[in-house]
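Structure assessment
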Amino acid sequence: MLQGMEQLAMEMAYNESDDMDIFMQVDLDTIYNDKFISLFNNFLINIDDNSVAFNFICRKRVNFSVPWRDLNYGEDFERMARFLKNGYIVYKVPEYNKIANNQHAIKRERRYASGLKYLKRILHNNIDLIRGYGVSNYKLFKKFFKSAGFKKRSYIFVFLIYLFVKISGLKIYNYGDFLNNEYVNSNSLNICSYFNFKL
C-alpha cells in the first residue's frame, strides 16, 4: 500500500533504476543554493551502502527499506528516526538554512485552501505533526510544544489536538522515550565535521 506522494514518486522511479542508483528527496518549494550542490557532490564521493544524508540521499536499496508514512507534516523526522532505528548511519546538516531556503513556504497553505477548508487543512497538519514527531505522552507533548515553535497563546488549541490524537487511536510513530526530532539530532552525525566541509 502506498504511503503518501513521496512513496508514490519513489515507486514510480523504482522500475527505472538500478540497485546502485542514488535516490533523494527534493522539495519543489525550496530554493537550493551552490553550497547545497557542493555538499551533495561531496557526499556522493563518500557514500556507502548504509548511509543516509540530508534530503534522504542514499542507495536505492536503503531508500526502499524505509517507506514513507502518509503524513503531511512531521514525516521527515519520523522517517529519519526509523533509518536510525534500523541501524543506518544518518548524516545531518547543522545549519540547513545555509544550503536551502524555504521561508516562502511558510504561507504555502494559503495556496491550497481558504476559509473552512484552510482551517481543516491546518488542523490536519497539526495532527500529522504530533504523530510524526512521536508525541506519545504529556511529557513529550511539553517538549514538542516548545521545540515546534508554537506561540504560548496556542497552547490550549495544540493540547486539544494532542488529546484528540490520543483518544481517536490514530497511530503515533514513537520509537523511544524521546521525540523523533530529538532522537535524530542526538544520534546522527554532523556531515560537515565528518567530511571536513565548511558551509
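See the structure printed just above.
What follows covers the state of the cysteines. In the structure shown here, the tally under the stated rule is 0 disulfides. For Cys58, which is in no disulfide, the shortest distance to another cysteine sulfur is to Cys192 and amounts to 18 Å.

This part covers a nonpolar patch on the surface. Together, Ile156, Leu160, Leu163 and Ile167 make up a nonpolar patch on the protein surface, roughly 420 Å² of accessible area in all. Here Ile167 is to be found in helix H8 (residues 155–168).

Turning next to the environment of Asn174. With respect to the helices and strands, the residue Asn174 is situated in the loop between H8 and helix H9 (180–187). Residue class for Asn174 comes out partly exposed when judged on its relative accessible area of 23%. Sequence spacing of Asn174 and Glu78 is 96 residues, and the spatial spacing of their C-alpha atoms is 8.0 Å. Contact partners of Asn174, with chain neighbours within four places excluded, come to Gly134, Ser136, Leu140 and Asn180. Within the structure, Asn174 has its side chain in polar contact with the backbone oxygen of Phe178 (distance 3.0 Å).

Of the strand pairs in this sheet, strand E3 (residues 51–52) and strand E5 (residues 89–92) are connected by 2 bridges, and their pairing is parallel. Each residue of the ladder has a partner; that of Val52, found in E5, is Val90. Looking at chain direction, E5 and strand E7 (residues 189–190) are connected through 2 bridges and run parallel. Directly across from Lys92, in E7, lies its bridge partner Asn190.

What counts, and at which threshold
- Residues numbered from 1 in each chain as written.
- Predicted model: local features only at pLDDT ≥ 70, side-chain atom pairs only at ≥ 80, totals over all residues.
- Heavy atoms only, no water.
- Disulfide = S-S within 2.5 Å.
- Patch = residues over 30% accessible without salt bridge, like charges linked within 9 Å, V, L, I, M, F, W, Y side chains within 5 Å.
- Areas by Shrake-Rupley, 256 points an atom, 1.4 Å probe, with all protein chains shown as cover.
- Salt bridge = Lys/Arg side-chain N within 4 Å of Asp/Glu carboxyl O.
- Helix = DSSP H or I, 4+ residues; strand = E, 2+ residues; numbered from the N terminus.
- Buried < 20%, exposed > 50% of the residue type's maximum accessible area, 1.4 Å probe, protein only.
- Contact = heavy atoms within 4.5 Å.
- Polar contact = N/O pair within 3.5 Å; in protein donor to acceptor, adjacent residues only side chain to side chain.
- Pairing = 2+ DSSP bridges.

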